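Listed below, chain by chain, are the residues.
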Amino acid sequence: MLEASGLMVFYENMLALNNVSIRCASDQIIGVFGANSAGKSTLMYALSGIMLDIRKKEEMSGGERITLSGSIRFEGRELINLKPSRRARAGIVLCPERRRIFKESTVLENLKIGGYLATPRQAAETLDFVLRVFPALNRLKNRVGGFLSGGEQQMLAIGRALMAQPKILLLDEPLMGLSPLMQAMLMRATREIRDERKIAIIITEQYARPVIPIVDYAFILENGSAVMEGTRQELMDNPDVRSAYFGV
Ligand code: ATP
């Protein structure tokens, strides 16, 4: 369904993604694991197209030169030069690192803003689903985003992304800074989202352990390169991967 191949990103002369190729089928949850600075967010920006906006902004302000190349095919179409807003319409939706919810708006307003691409009927139906998969948000509907806990903000960020009717949801480090209990809850909800909505999901994280139970397949990024890939079992059976990414 989504196939990125030979992705290269340079920030000036710094190579941030080096010939990275990843695939995600329509019913899969894919993990992308890597340490700080491995290139996880750069990959998510390349897939979602946000990189084109960042590049344009840098060009206009005389900032750094960003070079992006490679191919991103989605449902048979080449997307590498498609604007992020058009990619979102095509069904590729990013839930960015650090959540970036609207802190002054209420939970319900945040969700409704997320639904701007949806028909009123889709928005109403998706809102019901979001409040079912994250019951805590139901009780917090009228609370402003800035007053939510980190875990609640993450639920809201995922809920808002769902409102945009993704076919593929990109979750960039959704578990950062959250308790193990909250992490487990979010991963259960993520699996439920895939199972019930048939949405493909790509998740990046530094540590694989909380994510690995729900992934079908995963890639390991090191210094901008995809150095390993495999099924959950293949990665868990590899002693280097176990010690570096599973903490066992
Ligand atoms: P983290 O876990 O810290 O978010 P990451 O795996 O998401 O890390 P990226 O943010 O993609 O990593 O960064 C990859 C590399 O590119 C890092 O060395 C980072 O310092 C560098 N980098 C990221 N954004 C820029 C930028 N706008 N200009 C220059 N270098 C950048």
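What counts as what
- Residues numbered from 1 in each chain as written.
- Predicted model: local features only at pLDDT ≥ 70, side-chain atom pairs only at ≥ 80, totals over all residues.
- Heavy atoms only, no water.
- Pairing = 2+ DSSP bridges.
- Helix = DSSP H or I, 4+ residues; strand = E, 2+ residues; numbered from the N terminus.
- Contact = heavy atoms within 4.5 Å.
- Axes fitted to C-alpha atoms, helices over the stretch in contact; angles between N-to-C directions.
- Salt bridge = Lys/Arg side-chain N within 4 Å of Asp/Glu carboxyl O.
- Buried < 20%, exposed > 50% of the residue type's maximum accessible area, 1.4 Å probe, protein only.
- Phe/Tyr/Trp six-rings, centres within 6.5 Å; stacked < 30°, edge-to-face > 60°.
- Lys NZ or Arg CZ within 6 Å of the ring centre and 35° of its normal.
- Lys, Arg positive; Asp, Glu negative; His and termini not counted.
- Near = heavy atom within 4 Å.
- Polar contact = N/O pair within 3.5 Å; in protein donor to acceptor, adjacent residues only side chain to side chain.
- Areas by Shrake-Rupley, 256 points an atom, 1.4 Å probe, with all protein chains shown as cover.
- Nonpolar A, V, L, I, M, F, W, Y, C, P; charged D, E, K, R; others polar.

(A) A look at the sheet that holds strand S4 (residues 66-74). Spatially, the four strands line up as an open sheet ordered S2-S1-S4-S5, and their pairing is antiparallel. At either margin of the open sheet sits one strand with a lone partner, and together these are strand S2 (14-24) and strand S5 (77-78). When strand S1 (residues 2-11) meets S4, the two strands line up antiparallel, connected through eight bridges. When the bridges of S4 are listed, Val-9 appears paired with Leu-68. Along the sheet face, helix H1 (residues 40-48) touches S1, S2 and S4 and points at about 120° away from the line of S1. Docked against the sheet, helix H2 (residues 50-60) engages S1 and S4, running at close to 160° with respect to S4.

(B) Quick peek at the pattern of salt bridges. Counting across every chain of the model gives nine salt bridges. For Glu-97, the salt bridge identified is with Arg-98, shortest N-O distance 3.5 Å. Classification of Arg-98 as exposed rests on a relative accessible area of 55%. Across the pair Arg-194 and Asp-216 runs a salt bridge whose closest N-O atoms are separated by 3.0 Å. Of this pair, Arg-194 sits in helix H8 (residues 180-197) while Asp-216 sits in the loop between strand S8 (200-205) and strand S9 (217-222), placing them 22 residues apart in sequence.

(C) Geometry of unusual backbone geometry. At Arg-99, a position not held by glycine, the phi torsion is positive, near 70°. The phi torsion at Glu-173 lies on the positive side, around 45°, for a residue other than glycine. The residue Glu-173 is located in the loop between strand S7 (168-172) and H8 in this model. The class of Glu-173 is buried, set by a relative accessible area of 8%.

(D) The packing of aromatic side chains, seen in detail. Tallied over the full model, the rule gives one aromatic pair. With 5.4 Å between their ring centres and 65° between their planes, Tyr-217 and Phe-219 make a pair best called edge-to-face. This pair shows no difference in class: Tyr-217 is buried, exactly as Phe-219 is. Over the ring of Phe-102 we find Arg-160; its NZ or CZ atom is 4.9 Å from the centre of that ring.

(E) Focus on the side chain of Arg-99. Here Arg-99 lies in the loop between strand S6 (92-95) and helix H4 (107-114). Although Arg-99 is buried, it forms no salt bridge, and the closest oppositely charged side chain is Glu-205 at an N-O distance of 7.3 Å. Beyond its immediate chain neighbours, meaning those up to four positions away, Arg-99 contacts Gly-150, Gln-153, Gln-154, Ala-157, Arg-160, Pro-174, Leu-175, Met-176 and Leu-178.

(F) Seen up close, the site of the ligand. Near the ligand lie 14 residues; those nearest to it are Lys-40, Ser-41, Thr-42, Glu-64 and Glu-173. Lys-40 places a polar main-chain atom, nitrogen or oxygen, 2.8 Å from an oxygen atom of the ligand. Here an oxygen atom of the ligand sits 2.5 Å away from a polar atom, N or O, in the side chain of Thr-42. Summarising the interface, the protein chains cover 67% of the accessible area of the ligand, which totals 630 Å² for the free molecule. At the level of elements, S2 and H1 are the ones that each hand at least two residues to the shell around the ligand. Take the shell around the ligand: its biggest share by element is three residues, from H1. Residues belonging to the shell around the ligand are distributed by class as follows: five nonpolar, five polar and four charged.

(G) Focus on the pairing of S9. Among the six residues in S9, five count as buried, and that is most of the element. The sheet contact formed by strand S3 (residues 29-33) and S9 spans four bridges and is parallel. What sits directly across from Val-32, in S9, is Phe-219. One ladder, built from six bridges, connects S9 with strand S10 (residues 225-231); its direction is antiparallel. Residue pairing across strands places Phe-219 opposite Glu-229, the latter belonging to S10. Here S9 hands over to S10 after two residues, with Asn-223 in that stretch at a positive phi of 45°.

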